[in-house]
Structure formats: C-alpha cells, structure tokens
Amino acid sequence: MSDIDNVFRHKAERRATQDGVFSADEVGLANRNHGALLETLKLDITPTGAHYLLTHFDVPLLEADSHILRFHGAFSKPYSLDMAQIRALPPVTMPVTLECAGNGRTQMSPRSFSMPWTYEAVGTSEWTGTPLRPLIERAGPLPEAIEVSFTAADFGFDKGHAHAFGRSLTLQQLADLDVLLVYEMNGQPLLPQHGAPLRLIVPGWYGMASVKWLTDVEALTSPYQGFQQVGTYRFRQTPDEPGHPVTTIRVKSLMVPPGVPDWVSRKRFVTPGVVPVQGRAWSGAGVPVERVEVGIDDYWHDADLGAQVGPYAWRAWRFDWQATAGAHVLRCRATDANGAVQPLDPVWDLAGFANNVVHRVEVFVGDYPEL
Ligand SMILES: Nc1nc2c(c(=O)[nH]1)N[C@H]1C(S)=C(S)[C@@H](COP(=O)(O)O)O[C@H]1N2
Ligand SMILES: [Mo]
C-alpha cells in the first residue's frame, strides 16, 4: 500500500469524537475557517470581511468570464447560462442570516472531531441574485424527476470518500423555499472564499445547503447519494444509524459581549451602573423571533426587540442591565413564533450539529479606574 493510501486510511478511521485539548488538525481547520467577531452583532448586516467562512476543501479560483451553469439530467429542455445571462435575469436583493450547522460544536461533550466552532459561525448579508425556481421550471423537470442536485467546483476527500461538494433539494422543497442564485454579497461581487462567481443561498436552512462555486444543476429520478447529503449533515447518536437530515435553522440568539475583554480568556470588565446589553436573534424557515430574555445570573428579564430586517434575517434586541459589583454570568435566550425556545444545556449530537444552547458570557463588575 502506498503512503497516499495510508493517509486516506488514517482519515477514514479518524475518531468521531473527543474531549479535552484541541488537536493540531482542529486548530488548522480553525485557521482556515474564521468566525464572525461578536462585536459585529451590533449591526444588521455583517461586514463582508467579518462574515464567517466554512470551506471543506480548497477555494477554487474561478473566472467569472468563462463560468457556465449547466441545467441537465432529467429535464426536458436542458440548457446552460453564462454569468452575463444570469446577471441579466430579474435581480432580487435579500438580507439572509446564514449559520453553519456545526456552530456550537465545541460546547458538546464529547465533541465531534471537526471544525471547532464555539458561537461565531453566523452572519447576515444582503445577497443579490435571481430566484432559482423559474430557472428550474424553464428546464422542465421530467415527470419522473424527484430531486435536483447542486454540484460545485471544489473537490476533495472526506472519510476516504472522493467527491465534489454537492447537495440536493427535492422538487417540493424547491417549490416551498425562496432559493436564490447569488452573485453579489453586500453590493459587491462575491469574494472567492464566499463562492465566486456563483452560489446558492437557501434562506432559513443551515449553511451547508447554500452551495458555493456552483457549476451543475441536475434533475434526478432517484435520491441524491452525494457524501455531503447522505454521509454527513444528519442528526445521529451513533455512527451506524442513518440518522435524519439537518435542514432548517433552530431558534438562537447571541449577545455583543459587554464592556471590554481580557485578551485571551475574553472575560469581560465593566463598571457599576447601567450597561446596555444587546445582540441579535434569529430562527429558521422564515419563522420570526417573538421574544428574547436576558439572564443575569439566575434571573431572566425580557429584552426589547428591534425590527425584523427581513423574513430570513435576524432581529436586534436590547436590555439595560443595572450592573452591580461582583462576578456575573449573562445569558440570552430567544423564543420563536412556533414557541421553540433555546435550551439551557446543549442537546448532544454525534457530529455536533444545530447546537442552539443559550449564549453565556462572564462579566466582572468593579470600580476599575481605567474604565
Ligand atoms: N462548494 C461548497 N459550498 C459550500 C461549502 C463548501 O465547503 N463547498 N460549505 C458549506 C457550509 S458547511 C457553509 S456553513 C456555508 C458557508 O458559507 P460562507 O463560507 O460563505 O459563510 O457554505 C456552504 N457551501
Ligand atoms: Mo457549515
């Protein structure tokens, strides 16, 4: 067996979970895939450079001028579009909150051996593109078509499986969702790392559905078997069960950590008095957030809610805290219009998916002369 085979064998047999210190592999993933700076939660729209990143393989550096999107497979009228033709289609700009399904993974114990997110894999952008639905209708799915797969230009190995990143949606999901074919983020052409020149945005779903570097749209007559659809992004308690697919975003909120931080621990320092505590809250599937509570130690207080920027975007909230001297734990907890509420402790999943546990920040209140 060659050394190359050994590398993939090692990866195929990697441990599913671990506890304790972070491995060099996890640190390497964290260096490639950064999260949002929590202070940008003051803004409705995350500055493009502060939007989190999740790229499994290498970022393909594609030329917009020669990029082609192909509609093929079980369609009656397969066709292709270049970027000029896509930009000439009716444009839509929509604020959408995107969150990685692995956000919060490190708060589970044992944790999944993967990208070690804590709280920060979320952001909201103004995405500009064109609705996908009319383009699927134009291709004319054959009566036997049941799903459409979306394949990207990035390729690599995961657990020994070689594949281009790809995902699928059923024709019913495509009819129900407001999927966009996107070429601009916050009024600028997509950056290479966010999917240039063309990506999907699937509003209300966790980020894995929003395929970057999109090249192929294929109608299928049997369920898609791509690794990113069947090999991962499934809720599981054990590695052997098929599990059920990760889809819509769970209700969640985050706060801008108040005061000033300690460089390494990120614990916070404020002086006594009124301390504004603010943040953003969101849910999936277009379900609005109805309530945000702020926990000061063991007491919960209702926060004031700001405007909902769009059906798929997060909502601002704010609470004025009368800070008293001592060490305090601040938390925030959102409830959506379906009555779903964030749990106080993580709900364990093998791969660490969809952890919407309450955000917890430690704050020291004192008469710090420097503040
Ligand atoms: N082609 C491709 N699309 C992809 C991914 C990827 O690795 N390759 N990662 C997905 C995941 S898991 C997430 S959370 C989002 C992240 O989008 P962003 O990097 O623009 O924030 O892209 C999704 N689309
Ligand atoms: Mo993700």
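The residue numbers shown here count from 1 along each chain, following its written sequence. The lettering of chains begins at A and the numbering of ligands begins at 1, in the order of writing. Under the rules for a predicted model, residues below a pLDDT of 70 receive no local features and side-chain atom pairs below 80 are neither given nor counted, while totals for whole chains, interfaces and linings still include all residues. With hydrogens and water stripped out, all remaining heavy atoms of the structure feed into the side-chain values.

J.: Where do I start with the side chain of aspartate 336 in this structure?
T.: Summarising the element assignment, aspartate 336 is placed in strand S23 (residues 326–336). Buried aspartate 336, no salt bridge; nearest opposite-charge side chain is arginine 250, N-O distance 9.7 Å. Elements are defined by DSSP. Helices are runs of H or I of four residues or more, strands are runs of E of two residues or more, and each kind is numbered from the N terminus. Burial classes follow relative accessibility: with a 1.4 Å probe on protein chains only, a residue under 20% of its type's maximum area counts as buried, one over 50% as exposed, and anything between as partly exposed. Counted charges follow a simple rule, with Lys and Arg positive, Asp and Glu negative, and His plus the chain ends left uncounted. Salt bridges are defined as contacts in which a side-chain nitrogen from Lys or Arg sits within 4 Å of a carboxyl oxygen from Asp or Glu.

J.: I keep staring at the pairing of strand S8 (residues 161–170) and nothing clicks. Help me out?
T.: When a strand is regular, its side chains alternate between the sheet's two faces. As defined by bridge partners, strand S7 (residues 147–158) adjoins S8 across nine bridges and the pair is classed as antiparallel. Looking at S8, one finds that phenylalanine 155 is bridged to alanine 164. Think of it this way: DSSP has to see at least two bridges between two strands before they count as a pair. Where S7 folds back on S8, the antiparallel hairpin that results is connected by two residues, among which lysine 159 adopts a positive phi of roughly 50°.

J.: Could you clarify how one ought to interpret the site of ligand 1 in this entry?
T.: By convention in these notes, a residue is near a molecule or strand provided one of its non-hydrogen atoms lies within 4 Å of it. Among the 20 residues in the neighbourhood of ligand 1, the closest are listed as Tyr52, Asp154, His194, Arg199 and Lys212. Two N or O atoms form a polar contact when they lie within 3.5 Å of each other; inside protein one atom must be a possible hydrogen donor and the other a possible acceptor, and for residues adjacent in sequence the pair counts only when both atoms belong to side chains. Taking arginine 199, its side chain carries an N or O atom lying 2.8 Å from an oxygen atom of ligand 1. Between ligand 1 and the protein, one listed contact pairs a nitrogen atom with a backbone N or O atom of serine 210 at 3.0 Å. Taken by itself ligand 1 offers 530 Å² of open surface, and the protein chains cover 100% of this. In this count, Pro and Cys sit with the nonpolar residues alongside Ala, Val, Leu, Ile, Met, Phe, Trp and Tyr, while Asp, Glu, Lys and Arg are called charged and the others, Gly among them, polar. Residue composition of the shell around ligand 1, grouped by class: eleven nonpolar, six polar and three charged. Surface accessibility follows the Shrake-Rupley procedure with a 1.4 Å probe radius. Residue values consider only the protein chains on display as shielding.

J.: What am I meant to see in the domain arrangement of the protein here?
T.: Frequently, the measure chosen for interface size is the accessible area that the parts lose on association. Under the domain assignment, the protein is made up of domain 1 (2–245) and domain 2 (252–365). An automatic or database domain assignment provides the domain bounds reported here. The gap between the C-alpha centroids of domain 1 and domain 2 is 27 Å. Here, residues are in contact when the closest pair of their heavy atoms is within 4.5 Å. Listed per partner, the contact involves 40 residues of domain 1 and 30 residues of domain 2. When domain 1 packs against domain 2, close to 3,200 Å² is buried across both sides, 61% of that on carbon and sulfur atoms. Two parts placed together each lose some accessible area under a 1.4 Å probe, and the buried area is that loss summed for both. Of all residues in domain 1, Leu41, Met108 and Tyr119 give up the largest surface area on contact with domain 2, accounting jointly for 23% of the area buried on that side. Linking domain 1 with domain 2 are two salt bridges, by the criterion used here. Glutamate 99 is the salt-bridge partner of lysine 252, the closest N and O atoms lying 2.8 Å from each other. In this assembly, domain 1 and domain 2 are joined by 22 residue pairs in polar contact (both at pLDDT 80 or more).

J.: Looking at this model, I keep getting lost on the packing of aromatic side chains. Mind explaining?
T.: Aromatic rings considered in pairs are described by the distance between their centres and by the relative angle of their planes. Working definition: rings of Phe, Tyr and Trp (its six-membered ring) pair if their centres are within 6.5 Å, and the pair is stacked with planes under 30 degrees apart, edge-to-face with planes over 60 apart, and tilted otherwise. The tally for this structure, following the rule as stated, stands at seven aromatic pairs. Ring centres of tyrosine 233 and phenylalanine 353 lie 5.1 Å apart, and the angle between their planes is 25°; on these two criteria the pair is classed as stacked. With tyrosine 233 in the loop between helix H6 (227–231) and strand S13 (234–235) and phenylalanine 353 in the loop between S23 and strand S24 (359–365), the pair connects residues that are 120 residues apart, well separated along the chain. The buried category is assigned to tyrosine 233, whose relative accessible area is 6%. On the basis of relative accessibility, which here comes to 3%, the residue phenylalanine 353 falls in the buried class. Here the aromatic residues Phe71, Phe75 and Tyr79 are joined through ring pairs into a cluster of three or more. The ring of tyrosine 79 has arginine 138 sitting right over it, with the charged end atom 4.1 Å from the ring centre. Should the NZ of a Lys or the CZ of an Arg lie within 6 Å of a ring centre and within 35 degrees of the ring normal, that charge is described as sitting over the ring.

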